[in-house]
Amino acid sequence: HHHHHGRAHVLRAAAAREDRAAIIFIAHTLKGMAGNLMAPRLVERARETEAAGRAESPGLGRLANSLADAMADVIAEAKARMALRHPQSGVAPGR
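Below you will find a few notes about this structure. (Residues numbered from 1 in each chain as written. Predicted model: local features only at pLDDT ≥ 70, side-chain atom pairs only at ≥ 80, totals over all residues. Heavy atoms only, no water.)

**Focus on helix H2 (residues 20-36)**
No. 1: For H2, which comprises 17 residues, the first-to-last C-alpha distance of 25 Å matches the rise-based estimate of 24 Å (1.5 Å per residue) to within 8%.
No. 2: Turning to H2, its buried residues number three or more, namely Ala-22, Ile-23, Ile-24, Ile-26, Ala-27, Leu-30, Met-33 and Ala-34.
No. 3: Close packing links the buried residues of H2 with helix H1 (7-16), helix H3 (40-54) and helix H4 (60-85). (Helix = DSSP H or I, 4+ residues; strand = E, 2+ residues; numbered from the N terminus. Expected span 1.5 Å × (residues − 1). Buried < 20%, exposed > 50% of the residue type's maximum accessible area, 1.4 Å probe, protein only. Contact = heavy atoms within 4.5 Å.)

Okay, structure coming up:
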């Protein structure tokens, strides 16, 4: 699962250099991932960012950064949920 981890920082880098093509591609990819994660807020934010990129909207960098923030939150929440479902720490070490 760790390959999603770098996505927020790749997105921020693309926003910093205003790489429209990269932002559109990442937002599009994220839209699918967010759908799988049942994260409607993130799907909405990704759709908005992708549309802004295609429309060459001037606020794209700002949108991309807020998408990166939303993504980091969703990934943190997903990790927390998985930790609850699989509490490894509760397993006593076998002697």
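Here the narrative resumes.
**Brief notes about H3**
No. 1: In this model, H3 (15 residues) spans 21 Å end to end at C-alpha, consistent with the 21 Å of a helix rising 1.5 Å per residue.
No. 2: Turning to H3, its buried residues are Leu-42, Val-43, Ala-46, Thr-49, Glu-50, Ala-52 and Gly-53.
No. 3: Against H2 and H4 lie the buried residues of H3.
No. 4: Count one or two residues on from H3 and you reach Glu-56, which has phi positive near 55 degrees.

No statement about biological role is implied by the geometric values presented.
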